[in-house]
Amino acid sequence: MTSDWSVRLRRLLVTLATLPFALAIGMSLVDSYRRRGKRPRPFPTRAPATTAVGEGEVTTYTFGQDLYDDMIAAIEGAQRQVLLETYIWKGDATGERFKRALAEAAARGVEVYCIYDAFANLVVAPTFQRFPPSIKVLRYPVYAAGWRFFDLRRYGRDHRKILVVDDHVGFIGGYNIGSPYATEWRDTHVRITGPAVWDLKRAFADFWNLNRRRRLRSSERPLLLETASTWEPKVRVHRNVPRLWVFPIRAMYLEAINRASSRVWLTTAYFLPDQDFVDALKDAAGRGVDVRLLLPLKSNHIVADWISRGYFSQMLDAGVRIFRYQGAMVHAKTATVDGTWSTVGTANIDRLSLQGNYEINVEVIDEALAADLEQIFLVDQSNCLELTSSEWEARDLHRKFTEMVLAPLRPLL
């Protein structure tokens, strides 16, 4: 009898441990099937706007086609060097357009370096991933730990999106490269000129040199840059580097939120933070700060959506306003605080971005840029449904049960 109970207990424990994963896989498959053939609805955007910041300028983009046109123009005007790093690089018309522009730049004598994440591009045709020898390419591997499978520092993905051309211009933000992102996704990117461009160049070179030894030919030299030591006091570039166990972007966010006195407006594609981050937002709302969180109503990752909902009750009860973007995927990673501080970058508010992946965000202390990003937020908010406490508490019992079952997956996302 004791043996039977022991077997039953083990089966129960195995079922409880595997249930969240089975449910997540099932939900993902069903959602993928339902999405086939569906097209996002048009969404409001703004034309690119340029703001003077310190010794340079920052241009904001909210529509992919506008961004891609300016990125291609920058590559076509390159005279010495192009550094391109992306997470997803689709082998479609837009991806081919970038590849062709880079090949033409290399053919006229420009140094061209490219980095992309192999895992994010597993479904991209191998033929597209063949580049001419004149382009130096680092394909960040699907599995980077080698024999050090126990070393958690080697499991981060390269989620960064950077383009730097010569010493003149740099691009950074949430946009990957692909035709769907050009017109169907709502994202935010910035174009930077001035001394801050050098920090983007250093960020690219540091990643290249950190990962080049086993990923490139042994004869390939490190990427050495001659960049000025001038600092732009209004702009700082923050880099998460899991290999070195360095994650400053989370601390950047928490410091800004904890110092807020009037408003915190935050847009993110996926919201799966740790409890300290949630508490910072709740504390800010508790002291009278206007805290607004803008998320997709339905993202491209249904499991992330459901797990994110597990935080809604406590935030709504604390006075945080939650807006859910409808009709299209909002993929932006931006925030403003008190009309002075702002950030744009690649890091989502989730554990993978804040404590796992290679990420890069630019932090800007400038009222004019913050005002521009606040206007973008208001445009996005006009396309949102605000979630109320009464509406949320009235949701169906099966929804609450699903949120509870998926909750153990929070630390993995």
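Above this note sits the structure.
This is a predicted model, so every value here is computed, not measured.

K.L.:
Hey, could you run me through empty space enclosed by the protein in this one?
P.N.:
Unoccupied space between atoms shows up once a probe the size of one water molecule is rolled over them. This model, assessed by the stated rule, comprises six cavities of 30 Å³ or more. As for the second largest cavity, its lining consists of R186, T188, W265, L266, T267, T334, A335, T336, L373, I376, F377 and D380. Contributing elements (two or more residues each) for the lining of the second largest cavity: β11 (263-267), β16 (334-337) and α11 (367-381). For the lining of the second largest cavity, the element with the most residues is α11, which contributes four residues. Of the residues assigned to the lining of the second largest cavity, the class counts are six nonpolar, four polar and two charged.

K.L.:
What exactly am I supposed to notice about the side chain of K161 here?
P.N.:
Looking at where K161 falls in the secondary structure, it is placed in the loop between β5 (135-140) and β6 (162-165). One buried charged residue, K161, remains without a salt bridge, the closest side chain of opposite sign being E359 at 5.5 Å. Polar side-chain contacts of K161 include one of 3.0 Å to the backbone oxygen of H159. When neighbours within four sequence positions are excluded, K161 is seen to be in contact with E85, T86, Y87, F171, I172, G173, G174, Y175, N176, H189, H331 and T346.

K.L.:
Help me understand the packing of aromatic side chains in this model?
P.N.:
Note on aromatic pairs: each is described by the distance of the centres and the angle between the planes. Counted according to the given criterion, the structure contains 19 aromatic pairs. Between Y68 and Y175, the aromatic rings sit 6.2 Å apart at their centres with planes inclined by 70 degrees, giving edge-to-face as the arrangement. Pair noted here: Y68 is in helix α2 (residues 64-76) and Y175 is in the loop between β7 (169-173) and α4 (179-183), with a separation of 107 residues, a long-range link. A relative accessible area of 3% places Y175 in the buried class. Through a chain of ring-to-ring contacts, the aromatic side chains of W89, Y116, F128 and F131 assemble into a single cluster. A cation over a ring is seen here: K99 above F128, with NZ or CZ 4.8 Å from the ring centre. The aromatic ring of Y113 is capped on one face by K136, whose charged end is 5.2 Å from the ring centroid.

K.L.:
What's the story with the sheet that holds strand β4 (residues 111-117) in this structure? I'm lost.
P.N.:
In any sheet, the strands associate via hydrogen bonds between backbone groups, in a parallel or an antiparallel arrangement. Strand order across the open sheet formed by eight strands is β1-β2-β9-β7-β6-β3-β4-β5, with mixed pairing between neighbours. The open sheet is flanked by β1 (49-53) and β5, the only strands paired with a single partner. If you compare each strand with its neighbour and ignore which way they point, the axes differ by 15 degrees on average. Here β7 runs beside strand β9 (residues 189-193); their pairing, made up of five bridges, is antiparallel. For I172, the partnering residue across the bridge sits in β9 and is V190. Along the sheet face, α2 touches β2 (56-61), β3 (81-86), β6, β7 and β9 and points at about 150 degrees away from the line of β7. Contacts between helix α3 (residues 93-107) and the sheet are confined to β3, β4 and β5, with β4 contributing the most and set at about 150 degrees to the helix.

K.L.:
What should I look at first to understand unusual backbone geometry in this one?
P.N.:
Excluding glycine, residues mostly carry a negative phi; peptide bonds, for their part, are mostly trans. If you check the backbone angles, D166 has positive phi at about 50 degrees while not being a glycine. A residue is classified by how much of its surface remains accessible, and D166, at 5% relative accessible area, is buried. Unlike most non-glycine residues, W245 shows phi in positive territory, near 60 degrees. Along the chain, W245 falls in the loop between β10 (235-240) and α6 (248-259).

K.L.:
What is the right way to read the pattern of salt bridges from this model?
P.N.:
Where side chains of opposite charge bring their charged atoms close, a pairing between them can arise. As enumerated under the stated definition, the model contains 19 salt bridges in all. Of the charged contacts in the structure, one is a salt bridge between R157 and D117, with a shortest N-O distance of 3.1 Å. Placement of R157 in the loop between β5 and β6 and of D117 in strand β4 is noted, with a sequence separation of 40 residues between them. The pair R157 / D117 is uniform in exposure class, with both members buried. Here the salt bridges share partners, and the residues they tie into one network are R80, D167 and K201.

K.L.:
It is not clear to me how the packing of α2 against α3 should be interpreted in this structure. Could you clarify?
P.N.:
The angle between the axes and the distance between the axes are what describe a pair of packed helices. Remark: α2 packs on α3, axes separated minimally by 9 Å, with the N-to-C direction vectors making an angle of 15 degrees. In this view, α2 runs roughly parallel relative to α3, as classed from their interaxial angle. Crossing handedness for the pair α2 and α3: left-handed. Here Q65, Y68, D69, M71, I72 and I75 of α2 lie close against α3, whose contacting residues are T94, R97, F98, A101, L102 and A105. Looking at the contact of α2 with α3 residue by residue, the class counts come to eight nonpolar, two polar and two charged.

K.L.:
What is the right way to look at helix α7 (residues 275-286) in this model?
P.N.:
An α-helical turn contains 3.6 residues, so a residue and the one three or four places further along point in the same direction. With twelve residues, α7 extends 16 Å between its outermost C-alpha atoms, agreeing within 8% with the 16 Å of an ideal straight helix rising 1.5 Å per residue. When we look at burial in α7, the residues that qualify are F277, V278, A280, L281, A284 and A285. Down the axis, α7 shows its buried residues gathered within 155 degrees of arc, on one side only. Exposed side chains of α7 directed beyond 90 degrees from the buried face belong to D276 and G286.

K.L.:
What's the story with the pairing of strand β14 (residues 321-325) in this structure? I'm lost.
P.N.:
Side-chain direction in a regular strand flips from residue to residue, so the side chains alternate between the two faces of the sheet. Burial runs high along β14: four of the five residues are buried. With four bridges connecting them, β14 and strand β20 (residues 384-387) associate as antiparallel partners. From the neighbouring strand, I322 faces β20, where its bridge partner is L387.

Basis of the calculations
Residues numbered from 1 in each chain as written. Predicted model: local features only at pLDDT ≥ 70, side-chain atom pairs only at ≥ 80, totals over all residues. Heavy atoms only, no water. 1 Å grid on protein atoms, 1.4 Å probe; cavity = no way out; pocket = protein on both sides within 12 Å on 5 of 7 lines; lining within 4 Å. Points joined across faces, edges and corners; volume = space filled by probe spheres on them. Helix = DSSP H or I, 4+ residues; strand = E, 2+ residues; numbered from the N terminus. Nonpolar A, V, L, I, M, F, W, Y, C, P; charged D, E, K, R; others polar. Buried < 20%, exposed > 50% of the residue type's maximum accessible area, 1.4 Å probe, protein only. Lys, Arg positive; Asp, Glu negative; His and termini not counted. Salt bridge = Lys/Arg side-chain N within 4 Å of Asp/Glu carboxyl O. Polar contact = N/O pair within 3.5 Å; in protein donor to acceptor, adjacent residues only side chain to side chain. Contact = heavy atoms within 4.5 Å. Phe/Tyr/Trp six-rings, centres within 6.5 Å; stacked < 30°, edge-to-face > 60°. Lys NZ or Arg CZ within 6 Å of the ring centre and 35° of its normal. Pairing = 2+ DSSP bridges. Axes fitted to C-alpha atoms, helices over the stretch in contact; angles between N-to-C directions. Parallel < 35°, antiparallel > 145°, perpendicular 65-115°, else oblique. Left-handed = near helix turned anticlockwise from the far one by under 90°. Expected span 1.5 Å × (residues − 1). Arc of directions from axis to C-beta.

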